[in-house]
Structure formats: structure tokens, C-alpha cells
Amino acid sequence: MTKRAPKLPPPTRQDREAAAIAAEALAAALADPTTMGERAVMFLDLDRPRRGECHITWSNLPGFLQVNDRYSHACLPGWEYTKAEIALEMIPDLRALAEHGVRPCLPTDGKPATPDLFGVML
């Protein structure tokens, strides 16, 4: 995570339910990428400053968005993740929101919070 989240009201029951669904869908998509659904791509050519962006969404992952090499989710507004951080941080953040009503509040450096005791995580 790199950006700091905006000040938000406490999550509602609907926010927590959406986060639970999103966490399960993302975990399933990481395990089997064919479950992501149809990919929709939109290219934005920005005039000032001269640059472009590629926005990608998937039909079976509502709220999940890729902008160039950064990923975000509608349930976690203001936070951006790298591809490696999706499994390490985004899914646990979504589960924490769903189970405990807690949104992320501190940016991290992309490393797991606990050490890998068995040497299986890369």
C-alpha cells in the first residue's frame, strides 16, 4: 500500500458484506485466473501533462481496478497496491474490513507482517 486513505465514516453492514464477497472473489481469482471473467480495457490519453493511463476491470471482480501497474478496490478507497501486494495485503485488508469492520490505516512496505516460518511464501 502506498497512499494514505481518506477519512471515512465507520463501515456499514453493506460495506462489510461487499468486502467479504470481494475477498473471496479475489482469492478465487488468484487460485484460478479463469474465474476473473471478461476483461474490459479503457485507455486514457491525458493532454497535460502528456501521459496516458490504461484502466482494466474484470466482470467477475466488481470494484477491482487496475490502473497501469497499480491495483485498487472500491471497498478500500484511497489505497493502491502492487501486484505482489494483492495476496499479501489487499485480500487480508478486505477480510479485516468484512470480519472486524476495520479499514487499513497505515501504509506498509509490501512485505508480510509476519515472517514466513515454513519458507513457502515468495
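Residues numbered from 1 in each chain as written. Predicted model: local features only at pLDDT ≥ 70, side-chain atom pairs only at ≥ 80, totals over all residues. Heavy atoms only, no water.

1. A look at the overall build of the protein chain
What counts, and what does not: Only DSSP runs of H or I covering at least 4 residues are called helices, and only runs of E covering at least 2 are called strands; the numbering of each starts at the N terminus. Accessible area is worked out with a 1.4 Å probe on protein chains only. A residue is then buried under 20% of its type maximum, exposed over 50%, and partly exposed in between. By the convention used here, residues are in contact when the closest approach between their heavy atoms is within 4.5 Å. Surface accessibility follows the Shrake-Rupley procedure with a 1.4 Å probe radius. Residue values consider only the protein chains on display as shielding.
Helices and strands together make up the secondary structure of the protein chain, namely two helices and four strands. In the protein chain, the succession of α and β elements from N to C terminus is α-β-β-β-β-α. Evaluated residue by residue, the protein chain yields a buried proportion of 29% over its 122 residues. Nonlocal contacts in the protein chain, meaning residues at least 24 apart in sequence, comprise 46% of its contacts between residues at least 6 apart. For the protein chain, the exposed surface amounts to about 8,200 Å²; the carbon and sulfur share of it is 60%.

2. Structural notes on the packing of aromatic side chains
Convention followed: Side-chain rings of Phe, Tyr and Trp (the six-membered ring for Trp) are treated as a pair once their centres are within 6.5 Å; stacked means planes under 30 degrees apart, edge-to-face means over 60, and tilted covers the remaining angles.
Counting across every chain of the model gives two aromatic pairs. An angle of 35° between the planes, with centres 5.6 Å apart, marks the rings of Trp-58 and Phe-64 as tilted. Judged by its relative accessible area of 11%, Trp-58 falls in the buried class. Using a relative accessible area of 4% as the deciding quantity, one classes Phe-64 as buried. Judged by centre distance (5.7 Å) and plane angle (20°), the rings of Phe-64 and Tyr-71 are stacked. Exposure class is identical for Phe-64 and Tyr-71. Each is buried.

3. Considering helix 1 (residues 13-31)
Going by this rule: Expected span, for any helix, means 1.5 Å times one less than how many residues it has. What the arc covers is the set of directions going from the helix axis to the C-beta atoms.
For helix 1, with 19 residues, the first-to-last C-alpha span of 27 Å sits near the 27 Å given by 1.5 Å per residue. Those residues of helix 1 that fall on the buried side of the exposure criterion are Ala-19, Ala-22, Ala-23, Leu-26 and Ala-29. Down the axis of helix 1, the smallest arc covering the buried residues is 135°, so these residues share one side. What points out from helix 1, more than 90 degrees from its buried face, is the exposed set Arg-13, Ile-21 and Ala-31. Structurally, helix 1 contributes buried residues whose contacts are with strand 3 (64-67), strand 4 (70-73) and helix 2 (83-100).

4. Considering helix 2
Going by this rule: Bending is quantified residue by residue as the angle between axes fitted to the seven-residue window ending at that residue and the seven-residue window starting at it.
In this model helix 2 runs 25 Å from its N-terminal to its C-terminal C-alpha over 18 residues, within 8% of the 26 Å that 1.5 Å per residue would give. Along its length, helix 2 reaches its greatest deviation from straightness, about 35°, at Glu-89, and the proline Pro-92 lies no more than four positions downstream. Within the sequence span of helix 2, burial applies to Glu-85, Ile-86, Glu-89, Met-90, Ile-91, Asp-93, Leu-94, Leu-97 and Ala-98. If you follow the buried residues of helix 2, they end up packed against helix 1, strand 3 and strand 4. Just downstream of helix 2 lies Gly-101, where phi reads positive at about 70°.

5. Let's talk about the nonpolar core
Convention followed: Within this scheme, the nonpolar core is defined by two criteria: the residues are buried Ala, Val, Leu, Ile, Met, Phe, Trp, Tyr or Cys, and they are joined through side-chain atoms within 4.5 Å.
One finds Leu-26, Leu-61, Phe-64, Leu-76, Met-90 and Leu-94 to be the most contacted residues of the largest nonpolar core, which totals 22 residues. At the level of elements, helix 1, strand 2 (51-58) and helix 2 are the ones that each hand at least two residues to this core. Of the residues forming this core, the biggest block, six residues, is contributed by helix 2. Residues in contact with Leu-76, not counting those within four places in the same chain, are Tyr-81, Met-90, Asp-93, Leu-94, Leu-97 and Pro-104.

6. Considering the confidence of the model for the protein chain
Rules: The predictor attaches a confidence to each residue, and that confidence, scored 0 to 100, is pLDDT.
For the protein chain, mean pLDDT is 84; residues scoring 70 or higher make up 83% of the total. Taken as a whole, residues 116-122 scores under 50 in pLDDT and shows three contacts with residues more than four places along the chain or in a different chain.

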